[in-house]
Amino acid sequence: MTLIEHIRELRSRLFKACLGIVLGMFVGLYFAKPIQNFINAPYCDFKGDAVCQFNSVSPVDPFLLQLKIGLYAGLIVSSPIWLYQLWAFIAPGLHRHEKRYSYLFTAIAVPLFAAGAFLAFFVVTKSLVFFIGLSDDYEINIDLTGYFDFVTGVMLLFGFGFEFPLVLLMLNVAGMVTGKRMIGWWRVALFLMFLFAAIVTPTPDPFGMTALALAMAVLYFLVCGIAMLNDKRRNRGKSIYEGLDDDETSSLDDYDTDSITPGERVEAVSPVASAESLERRYDDMT
């Protein structure tokens, strides 16, 4: 396939993917109000009022929020379409085992992201009790768009945080890092997990941060175990110098040096003869 044909193929795939997203957006707009009520539920449950009121800075903010919800929902609903178009463009250049691993990683990534988003929604529910509970003496009017961006942003960050162990597993399958080396990084990995959790968790209390960091740590050590099993299956990590000290010389016991006299010419083994002997050995085995 020429470069122009690749560009035409990419254009066709992008057009079909965008068309699927637009169709999914119309479906998302139909369900935008129930989705918005679900996102607003933590705040409304905390307030306990019959009518849950938000502040709107601009008259067009509610309309723009509906479009935003419809777009987000459309991306999720139409994901089978645009993911297939992306896969159809990439798959011809992949080997059979690479396609098999791609299916596996995709199947794992979706529930991991959903688990992170669910944990984020739980943390947001608890964080509202903390933040708004400190302001009982004031009348608080929460911005409608700001509240939606806050909740969805935390859910996205938690979801991407749960994908971190999967990235390490992909590197191990690709042969770029071993399970033994990943275990050796556990101190640095735990520090980075707690640092990431402290940054993305909205509450200043340690409970939400600890919940996210511990969940990521459990996934990390689980991936380390899977990576070590994969290395053992592929017999990785072994070296011809394993068991030798840095100052120890290699052994020459395999060579008959006593039969060689000084000045004697040693003839090399003919590569043709070696190939013929290998062919005879292969015929004997088969």
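1. Points about the packing of aromatic side chains
In total, this model carries eight aromatic pairs according to the counting rule given. Where Tyr30 meets Phe31, the ring centres are 5.0 Å apart and the plane angle is 85°; that geometry is what we call edge-to-face. A ring pair is formed by Phe38 and Phe121, whose centres lie 4.8 Å apart and whose planes are at 5°; its orientation type is stacked. Of this pair, Phe38 sits in helix 2 (residues 32-47) while Phe121 sits in helix 5 (residues 96-133); the two residues are 83 residues apart in sequence, bridging distant segments of the chain. Here Phe121 falls in the buried class, since its relative accessible area comes to 16%. Clustering of aromatic rings is evident, with ring pairs tying together Tyr43, Phe54 and Tyr147.

2. Focus: the pattern of salt bridges
Inspection of every chain in the model, using the stated rule, returns two salt bridges. Notably, a salt bridge pairs Glu9 with Arg13, separated by 2.7 Å at the nearest N-O pair. One end of the pair, Glu9, and the other, Arg13, are both in helix 1 (residues 3-30), four residues apart, so they sit about a helical turn from each other. Taking relative accessible area as the criterion, Glu9 reaches 24% and is therefore assigned partly exposed. By relative accessible area, which is 18% here, Arg13 ends up buried. Lys68 is the partner of Asp149 in a salt bridge, and the nearest nitrogen-oxygen pair spans 3.1 Å. Highlighted residues: Asp149 in helix 6 (residues 144-161) and Lys68 in helix 3 (residues 61-77), separated in sequence by 81 residues. The class for Asp149 is partly exposed, based on a relative accessible area of 33%. Given the relative accessible area of 24%, Lys68 is considered partly exposed.

3. Focus on the nonpolar core
Considering soluble globular proteins, one finds that nonpolar side chains tend to be buried as a cluster. Ranked by internal contacts, the top residues of the largest apolar core, which has 44 residues, are Leu119, Tyr147, Val151, Phe158, Met182, Leu212 and Tyr220. Broken down by secondary-structure element, the contributors of at least two residues to this core are helix 2, helix 3, helix 5, helix 6, helix 7 (164-173), helix 9 (186-200) and helix 10 (206-234). If we ignore the near neighbours within four places in the chain, the residues touching Tyr147 are Ile39, Asn40, Pro42, Tyr43, Phe54, Leu128 and Ile142.

4. A closer look at the confidence of the model for the chain
Here the chain averages 77 in pLDDT, and 75% of its residues register 70 or above. In this model residues 269-273 is a low-confidence stretch, pLDDT under 50, and it forms one contact with partners more than four residues away in sequence or in other chains.

5. A closer look at a nonpolar patch on the surface
The grouping of Leu10, Leu14, Leu83, Leu86, Phe89 and Ile90 at the surface amounts to a nonpolar patch, some 490 Å² of accessible area in total. For the nonpolar patch, the elements supplying multiple residues, two or more each, are helix 1 and helix 4 (79-90). Looking at the nonpolar patch, the element that brings in the most residues is helix 4, giving four residues. Along the chain, Phe89 turns up in helix 4. The class of Phe89 is partly exposed, set by a relative accessible area of 30%.

6. Some details on the packing of helix 1 against helix 3
Close contact between helix 1 and helix 3 brings their axes to 7 Å; oriented N to C, the two are set at 125°. When the axis of helix 1 is compared with that of helix 3, the two are oblique. Seen along the crossing, helix 1 lies across helix 3 with a hand that is right-handed. Facing Ile21, Gly24, Met25, Val27, Gly28 and Leu29 of helix 1, the residues of helix 3 in contact are Gln66, Leu67, Gly70, Leu71, Ala73, Gly74, Leu75 and Val77. Broken down by class, the residue content of the contact of helix 1 with helix 3 amounts to nine nonpolar, five polar and no charged.

Calculation notes
- Residues take numbers from 1 onward in each chain, read along the sequence in its written order.
- Totals for whole chains, interfaces and linings use every residue, but because this is a predicted model, local features are given only for residues with pLDDT of at least 70 and side-chain atom pairs only at 80 or more, for both listing and counting.
- As a convention, hydrogens and water are excluded, and side-chain values are obtained from all of the structure's heavy atoms.
- Classification of ring pairs rests on two measures: the distance between centres of Phe, Tyr or Trp rings, Trp counted by its six-membered ring, which must be within 6.5 Å, and the angle between planes, read as stacked under 30 degrees, edge-to-face over 60 and tilted in between.
- Secondary structure counts use DSSP, requiring at least four H or I residues in a row for a helix and at least two E residues in a row for a strand, with both numbered from the N terminus.
- Each residue is placed in one exposure class: buried if its accessible area under a 1.4 Å probe, protein chains only, is under 20% of its type's maximum, exposed if it is over 50%, and partly exposed if it falls in between.
- Should a side-chain nitrogen of Lys or Arg be within 4 Å of a carboxyl oxygen of Asp or Glu, the pair is scored as a salt bridge.
- Only buried residues count toward a nonpolar core. Its members are Ala, Val, Leu, Ile, Met, Phe, Trp, Tyr and Cys residues joined through side-chain atoms within 4.5 Å.
- We call two residues contacting when some pair of their heavy atoms lies within 4.5 Å.
- Predictor confidence is given residue by residue as pLDDT, running from a minimum of 0 to a maximum of 100.
- Candidates for patches are residues over 30% relative accessible area with no salt bridge; among them, like charges are joined within 9 Å and nonpolar side chains (Val, Leu, Ile, Met, Phe, Trp, Tyr) within 5 Å.
- Surface exposure here means Shrake-Rupley accessible area, sampled with a 1.4 Å probe, where a residue is shielded only by the protein chains that are shown.
- With axes taken as lines fitted to C-alpha atoms, and helix axes fitted only over the stretch in contact, angles between N-to-C directions fall between 0 and 180 degrees.
- Oblique is the label for any angle not covered by the other classes, which are roughly parallel (under 35 degrees), roughly antiparallel (over 145) and roughly perpendicular (65 to 115).
- Each crossing is labelled by how the near helix is turned from the far one, with a counterclockwise turn of less than a right angle marking it left-handed and a clockwise turn marking it right-handed.
- Residues are grouped as follows: Ala, Val, Leu, Ile, Met, Phe, Trp, Tyr, Cys and Pro are nonpolar; Asp, Glu, Lys and Arg are charged; all remaining types, including Gly, are polar.

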